[in-house]
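These are the residues of each chain, in order.
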Amino acid sequence: MEYSQYKSELVANETQLVVLDQDGSFIGSCDTLEKLSGFEGLIFKESQFLNSKREQILALQQGEIINYFRVSDSFFKGALINDYRIEKVLVEGQLQLHWLIYDRTQMYEKMTERELDEKGVMKQNSDLRQLVRVLEKEKDTNQTVNSRLHHEIKTPISGLKFLSKSSSEHLDPETKKRHQLSMGIITGYLEYAVNQLVATEFKETNIPFKIDQIIAAVEDTFLGESDAHLVFEKEFESSIVIGNKHKFYIGIVRLLSIINDGQPDGRVRVTFAYDEPARSIRLTFKSNHLPDALQRIVRKYIGINGAFDLKIEGGVLVMICPIEEIKMLEPIPTKKKSNAEVKQISRAQFPYLYQITNQDDEMVRDIIEGVLDVVPFELEKMMKQYQARDYDALARTSHKVKPNFENLEQKQFISKIFEVEAAAINKDVDFLQAHLEPFVTEASAKIEELKRIYT
């Protein structure tokens, strides 16, 4: 078969001519690219690409040419990248479709490689720009932390100095104990604040504490102040709270510092309550500030990034502490064992709890009992979340459970709960399937063992 008009294009073996009738049925080919001698039939049934262009091809007029570039066609067995040229011609009185195929595989692969290199450079530039933004954000965060902590530390330091002077052998045992607890909270807060000076972000804590201790610490912090007279009222059920003790303390001290700056006459009455429908702790601060002064206090509190939401309700300031920050541990009624049946708790067994409670035996026992009550429910929740494939919730619950094992000095579970949390974050189904249930079973058994010993 001779097609002299295509001779110059068919010299290279990367080019091939396929001849079709005007309906697209195969007539013959110059087999320079791939042998098609065994093929017969309608080309549109064999080439998915040409089939997608069928109407356009069949509508060609005599002498009209169309070109398609960078075509990957399943019609060829090899992974070829082709350019197509299709022309309708008149041969011996019959209209034909002459389909010229140019193998451009190497050329387009080189072009693709170059494009990928260019995209890689663009990606590196984008990553560098993102790194610059992160570093700038860290710089801004550090500057913000430094400016805010100047305010946060000012009032606790004055209270701590006063407490240091007042805690002497002349104090009665109950007052001395209260002052020591207060100084422990204030000292812990100051250490927390100093650590934030070199941190790039505010870190959450999950420490067990009593509302009474926060009240005592705040009250003692303001003992040296002449203008703020604090009166606390409690409408609170649970004695143990698991949450961010420092953040809770910061929020109250910040607000009282602002109120004190306004020098109101009379007293500031602070009421703690648990709002069960809203699942929040509510603190109300009643003073004799006028409404416009209350608005200024709210704006000033927000301006220094208050620890919790603050608003005005019925002429009083209300601080809302959501359950995500402060978690109530509601006591479960159980028949108490006698003192002889319950094993004594010692500093050797629970050094961490004695450290964070300033050696308070009673509070350590309260914390242990509270944790032993709540952990079984959290472990059960983890299994339900896994079965529901709610990996985000499982990661959050795992994160919350970690401090409980630290409080109980059960270090053998710490690395495992870290692994579970990481697997939940990464949605590592294989790891969770293999390790979550054994961990929950082992941890539950240990909790039950400790409950038999200490409660």
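In case you missed it, the structure is sitting above this.
Read on for a plain summary of the structure. (Residues numbered from 1 in each chain as written. Predicted model: local features only at pLDDT ≥ 70, side-chain atom pairs only at ≥ 80, totals over all residues. Heavy atoms only, no water.)

Here we look at empty space enclosed by the protein
For the structure on display, the rule yields 2 cavities of 30 Å³ or more. As a volume, the largest cavity reaches approximately 50 Å³. Around the largest cavity, the lining residues are L20, I43, F44, L50, I57, I86, L97 and W99. Among the secondary structure elements, those contributing two or more residues to the lining of the largest cavity are α2 (43-46) and β5 (94-103). In the lining of the largest cavity, the residues fall into 8 nonpolar, no polar and no charged. (1 Å grid on protein atoms, 1.4 Å probe; cavity = no way out; pocket = protein on both sides within 12 Å on 5 of 7 lines; lining within 4 Å. Points joined across faces, edges and corners; volume = space filled by probe spheres on them. Helix = DSSP H or I, 4+ residues; strand = E, 2+ residues; numbered from the N terminus. Nonpolar A, V, L, I, M, F, W, Y, C, P; charged D, E, K, R; others polar.)

A few points about the nonpolar core
Ranked by size, the top nonpolar core spans 81 residues in total, and within it V218, F248, F272, L283, F285, F405 and F439 carry the most contacts. Of all the elements, helix α11 (residues 361-387) adds the most residues to this core, at 12 residues. Ignoring sequence-local partners within four residues, the contact set of V218 consists of L230, F232, Y249, I252, V253 and L256. Counting 21 residues, the second-largest nonpolar core is a separate cluster that includes F39, L42, L80 and W99. (Core = buried A, V, L, I, M, F, W, Y, C linked by side-chain atoms within 4.5 Å. Buried < 20%, exposed > 50% of the residue type's maximum accessible area, 1.4 Å probe, protein only. Contact = heavy atoms within 4.5 Å.)

Structural notes on the environment of R178
Among the structural elements, R178 can be located in helix α6 (residues 173-197). We classify R178 as partly exposed; its relative accessible area is 31%. A C-alpha to C-alpha distance of 9.0 Å links R178 and D220, two positions 42 residues apart in sequence. Apart from residues lying up to four places away in sequence, R178 is in contact with A216, E219 and D220.

Comments concerning the packing of helix α7 (residues 211-221) against helix α8 (residues 245-261)
Relative orientation of the contacting elements α7 and α8 amounts to 35°, with a least axis distance of 11 Å. α7 and α8 meet at a crossing whose hand is right-handed. In this structure, α7 contributes I211, I214, A217, V218 and T221 to the contact, and α8 contributes K245, F248, Y249, I252, V253 and L256. Classifying every residue of the contact of α7 with α8 gives 9 nonpolar, 1 polar and 1 charged. (Axes fitted to C-alpha atoms, helices over the stretch in contact; angles between N-to-C directions. Left-handed = near helix turned anticlockwise from the far one by under 90°.)

Quick look at the pattern of salt bridges
Following the criterion strictly, the structure yields 11 salt bridges and no others. One salt bridge connects R269 with E233, and the closest N-O pair in it is separated by 2.8 Å. On the criterion of sequence distance, the pair formed by R269 in strand β9 (residues 267-275) and E233 in strand β7 (residues 229-235) is long-range, its members being 36 residues apart. Given the relative accessible area of 31%, R269 is considered partly exposed. E233 gets classed as partly exposed once you look at its relative accessible area, which sits at 29%. Members of the salt-bridge network, linked through shared partners, are R282, K311 and E313. (Salt bridge = Lys/Arg side-chain N within 4 Å of Asp/Glu carboxyl O.)

Comments concerning α8
Helix length check: α8 (17 residues) gives 24 Å between terminal C-alpha atoms against 24 Å at 1.5 Å per residue, within 8%. Most of α8 sits out of view: 16 of its 17 residues are buried. (Expected span 1.5 Å × (residues − 1).)

What to know about the packing of aromatic side chains
Inspection of every chain in the model, using the stated rule, returns 9 aromatic pairs. With 6.3 Å between their ring centres and 35° between their planes, F232 and F272 make a pair best called tilted. Residue F232 is found in strand β7, and its partner F272 is found in strand β9; the two are separated by 40 residues along the sequence. Across the pair, F272 and F232 agree in class, each one buried. Plain terms: the ring middles of F405 and F413 are 5.3 Å apart, the flat faces sit at 40° to each other, and that makes the pair tilted. A single burial state applies to F405 and to F413, both of which are buried. Put simply, the rings of F49, Y68, Y84 and W99 pair up and form one aromatic cluster. Over the face of the ring belonging to Y386 we find R389, whose NZ or CZ atom lies 4.6 Å from the ring centre. (Phe/Tyr/Trp six-rings, centres within 6.5 Å; stacked < 30°, edge-to-face > 60°. Lys NZ or Arg CZ within 6 Å of the ring centre and 35° of its normal.)

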